[in-house]
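A closer look at the structure
Each chain, written out:
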Amino acid sequence: QDGFPEPTDPLALEKRAIEGSAALVTISQELIDEIAARHELPATTLAFANYALARDLPLLSQKPYVDEGRLRLVYEGSLGTDGGHYDLREIFREIGAQGVELDVYPARPAPEYDTLAAITPGMRYHDPLEPSLLLQRLPRYDLGWAGFNTGLNRAHLDTCLPNKVFEYVGCGLPVLTLGHKALVRLFEEEGIGISLEHIGTLREQLSRVDLGELRTRVAACRDRFTTEANIGRLLDLYGQVIEGSWTTTRSEVA
C-alpha cells in the first residue's frame, strides 16, 4: 500500500501534496503560478531549475563552426516518435529544408532519426555519447536547439526549463526555442537565446542576429546558470523550513 485511499483522484492527491507541504520547490515560476491557480501554496516557494554542474562544463577555447563559414545547430537529448513533445521529426525536416545544418546527439539510440538524417539535407545523426564527452563537443556548435513539438503537451512545455538549455548555455551556446512560455521569459530576462515566431522563420530571424555578440553575452554569464551558483537559494529555503519547524515545535511545547 502507498498510504493513499482508493480510488485515487490525481487532483486530490496533488492538492494534498501541495497544501500539506512545508515548502514547494519546482522547476519554474510558470509552474508555481499554475499550481497557485489550483491550490493554496505553502508559505515558502522556490523556482529552482535543472542547472548544469559547473564542474562538468568545458573550457570555451574551441572556435565555433560558424568561423568556418557554416552555421550549425545542435540538439542533444531525448527523441520520440509518438507524437509527444520529443517527436521532433517534422521540426528537423523543416530545419533542413531551410538550409541550416543540424547535428543530433540522442540520449538513447533512435534509429528512426538515423534514417531521417540520411534523407534530410544538412542533418547528421550521432551515436549517443557519454555526458562528459558530449559537453566537450558542444562548444564547437553555434546554437543549441530547445524547440519542441506542442501537438500534445503544450501546457507542460510552457512551464518547463529543460536541463539541456543550461547545458547549452554552460557550453557557451545561445539557445533557440519555439515560443515556450518559461523559456521565452528566461531569454527575455537574460538575453541568452531566441524564440522563433515559427520554425519557418528560422533562417530569416537568424539573419537579423549578431551571433558573435550573442555568444559573447552567453559566455560571460554562463557561470550564473549552474547548480553551484544557485545552491545557496535552495539551502536558504531548507533553513527557513527548519527554523519554522523549530519555532512551531517550541511554541507547541510551551
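Below, the structure is looked at part by part. Because the structure is predicted, anything quoted here is derived from the model rather than measured. (Residues numbered from 1 in each chain as written. Predicted model: local features only at pLDDT ≥ 70, side-chain atom pairs only at ≥ 80, totals over all residues. Heavy atoms only, no water.)

Two faces make up the sheet, and in a regular strand the side chains alternate between them. Of all six residues making up strand E4 (residues 101-106), six are buried, and the element is well covered by its neighbours. The alternating pattern of E4 places Glu101, Asp103 and Tyr105 and Leu102, Val104 and Pro106 on opposite faces, both of which are buried. Here six bridges tie strand E3 (residues 72-77) to E4, and the two strands are oriented parallel to one another. Pairing of Tyr75 across the sheet is with Val104, part of E4. Handedness of the crossover is the feature at issue here: the chain leaves E3, passes through helix H3 (residues 89-97), returns alongside E4, and the resulting connection is right-handed. Read from E4 through helix H4 (residues 111-119) to strand E5 (residues 123-125), the crossover connection turns out right-handed. (Buried < 20%, exposed > 50% of the residue type's maximum accessible area, 1.4 Å probe, protein only. Helix = DSSP H or I, 4+ residues; strand = E, 2+ residues; numbered from the N terminus. Pairing = 2+ DSSP bridges. Right-handed = clockwise from strand over helix to strand, strands pointing away.)

For the rest of this paragraph, the subject is the environment of Asp56. Tracing the backbone through its elements, the reader meets Asp56 in the loop between strand E2 (44-47) and E3. Distance in space between the C-alpha atoms of Asp56 and Thr226 is 9.9 Å, their sequence separation being 170 residues.

Before going further, it helps to examine the sheet that holds E5. Across the sheet, which stays open at both edges, the six strands sit in the order E5-E4-E3-E6-E7-E8 with parallel pairing between neighbours. Both outer strands of the open sheet, E5 and strand E8 (193-195), are each paired with one neighbouring strand and no more. Here the average twist between neighbouring strands, direction ignored, is 25°. Against the sheet, helix H7 (residues 163-170) contacts E3, strand E6 (143-145) and strand E7 (175-177), and its axis sits at roughly 135° relative to E3. (Axes fitted to C-alpha atoms, helices over the stretch in contact; angles between N-to-C directions. Contact = heavy atoms within 4.5 Å.)

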